[in-house]
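As a plain string of letters, each chain reads:
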Amino acid sequence: MKILRTIAEVRAAVRAARAEGETVGLVPTMGAFHEGHLSLMRQARAESDLVVVSLFVNPTQFGANEDLSTYPRDEARDAALAEVEGVDILFAPAAAEIYPDGFATNIHVAGITEVLDGAIRGAHHFDGVATVVTKLFGIVTPDVAYFGQKDAQQVLVVRRVVRDLDLDVRIEACPIVREPDGLAMSSRNVYLDADARAQASALNRSIDAAEAVLASGQNDGESIRAAADRVLADASIDVEYLELRDAETLQPVDAVERDALLLVAARVGAARLIDNHLLRGVAS
Ligand code: PAF
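In short, a report on the structure. (Residues numbered from 1 in each chain as written. Predicted model: local features only at pLDDT ≥ 70, side-chain atom pairs only at ≥ 80, totals over all residues. Heavy atoms only, no water.)

1. Digging into the site of the ligand
Taken together, Pro28, Thr29, Met30, Asn58, Gln61, Val129, Val132, Phe147, Asp151 and Gln154 form the complete shell of residues around the ligand. Within the side chain of Gln61, an N or O atom sits 2.6 Å from an oxygen atom of the ligand. Measuring from an oxygen atom of the ligand, one finds a side-chain N or O atom of Gln154 at 2.7 Å. Look at the ligand: alone it shows 290 Å² of surface, and the protein chains cover 89% of it. Going through the elements one at a time, strand 2 (24-29) and helix 6 (123-140) are the ones with two or more residues in the shell around the ligand. Residues that form the shell around the ligand fall into these classes: five nonpolar, four polar and one charged. (Near = heavy atom within 4 Å. Polar contact = N/O pair within 3.5 Å; in protein donor to acceptor, adjacent residues only side chain to side chain. Areas by Shrake-Rupley, 256 points an atom, 1.4 Å probe, with all protein chains shown as cover. Helix = DSSP H or I, 4+ residues; strand = E, 2+ residues; numbered from the N terminus. Nonpolar A, V, L, I, M, F, W, Y, C, P; charged D, E, K, R; others polar.)

Here it is in structure tokens:
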């Protein structure tokens, strides 16, 4: 596995692979790898000839009061894990390589970025994601790019950028990888102390409770949300949002008649956690 720092080096490596007729898969990451990231790398390895993983803690997607300075960073550990997964290139640029002096472009997706995490974290968050991902697509020119479904809103934002800007890349959303007690894997789980870690499993239990209501034949949003809400309240979770939204448009829905996402964000101990689940549409 090569660790590359510059855009020119990545371009040269991709050009050489393309000259051999190879396909290119990209896994964009901010490092601090866990099984969720490794599952994306495995899928990329299975489907692409050249696998590029980017490791860049993107400053523009963090707000002033967020965890940019404390975000877990351990490049040597990440590189070792990526190597085991058969990654060909780890692209780990410095911030100045991605945002040189005078950088002045911002990709803003309207609508779906204004709710949920966009509303809580601010517009800069998805602007930062959309801009850096568009740059990574321009640098790596992947055939396929792999994202975790845990960041469901991010996946929708990236799909919208690709569609609206006619980018020639297929977006693969890969299933959420969970701890044995159901907690969705996240680089931010390292912020949880033992008490918060135990409390955090309520997020997944709230999703299970919602799914159980739907499975019992009730598809109305109020009953589904209430079941999830009860679990979170019983665990004294400080909920930021718990919402049922259309799986494509993120518009609020009153009933699960088409596929819908149940999305939850909460403060648990020192961590901000998000989770979500696709509820399959049932006509009432
Ligand atoms: O999901 C992430 O880790 C980041 O938002 C991404 C897609 C790598 C962009 O910085």
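2. Brief notes about helix 7 (residues 152-164)
Taking 1.5 Å per residue as the helical rise, helix 7 with its 13 residues ought to reach 18 Å, and the 18 Å between its terminal C-alpha atoms agrees with that figure. The complete set of buried residues in helix 7 reads Ala152, Gln153, Gln154, Val155, Leu156, Val157, Val158, Val161 and Val162. Those residues of helix 7 that are buried lie in contact with helix 5 (117-121), helix 6, strand 5 (144-148), strand 6 (170-174), strand 8 (260-268) and strand 9 (271-279). Positive phi shows up at Asp166, right after helix 7, with a value of about 55 degrees. (Expected span 1.5 Å × (residues − 1). Buried < 20%, exposed > 50% of the residue type's maximum accessible area, 1.4 Å probe, protein only. Contact = heavy atoms within 4.5 Å.)

3. A short note on the sheet that holds strand 5
With parallel pairing, six strands are arranged side by side in an open sheet as 1-4-3-2-5-6. On the outer flanks of this sheet lie strand 1 (2-4) and strand 6, each paired with one strand and no other. Between one strand axis and the next, the sheet turns through 25 degrees on average, direction left out of account. Sheet topology places strand 1 next to strand 4 (residues 89-91); three bridges connect them, and they run parallel. (Pairing = 2+ DSSP bridges. Axes fitted to C-alpha atoms, helices over the stretch in contact; angles between N-to-C directions.)

4. Digging into the sheet that holds strand 9
With antiparallel pairing, three strands are arranged side by side in an open sheet as 7-8-9. Lying at the two open borders of the sheet, with one neighbouring strand each, are strand 7 (238-246) and strand 9. Between one strand and the next, the sheet's axes are offset by a mean angle of 10 degrees, whatever the strand orientation. Contacting strand 7, strand 8 and strand 9, helix 10 (residues 221-234) runs over the sheet at an angle of about 155 degrees to strand 7.

5. Comments concerning the pattern of salt bridges
Between side chains of opposite charge, pairing is possible as soon as their charged atoms come close. Per the stated rule, a full pass over the model turns up 19 salt bridges. Linking Arg188 and Asp67 is a salt bridge whose minimum nitrogen-to-oxygen distance equals 2.8 Å. Residue Arg188 is located in the loop between strand 6 and helix 8 (194-200), and its partner Asp67 is located in the loop between strand 3 (50-55) and helix 3 (75-84); the two are separated by 121 residues in the primary sequence. Asp67 shares its class with Arg188; the two are buried. For Arg77, the salt bridge identified is with Asp78, shortest N-O distance 3.5 Å. Overlapping salt bridges bring together Asp117, Glu240, Arg267 and Arg272 as one network. (Salt bridge = Lys/Arg side-chain N within 4 Å of Asp/Glu carboxyl O.)

6. As for the packing of helix 6 against helix 7
One can describe the packing of helix 6 onto helix 7 by two numbers: an axis separation of 10 Å at closest approach and a directional angle of 55 degrees. Classified by the interaxial angle, the pair formed by helix 6 and helix 7 is oblique. Between helix 6 and helix 7 the crossing geometry is right-handed. Across the interface between the two elements, Phe126, Val129, Ala130, Val133, Thr134 and Phe137 of helix 6 pack against Gln153, Gln154, Val157, Val158, Val161 and Val162 of helix 7. In the contact of helix 6 with helix 7, the residues fall into nine nonpolar, three polar and no charged. (Parallel < 35°, antiparallel > 145°, perpendicular 65-115°, else oblique. Left-handed = near helix turned anticlockwise from the far one by under 90°.)

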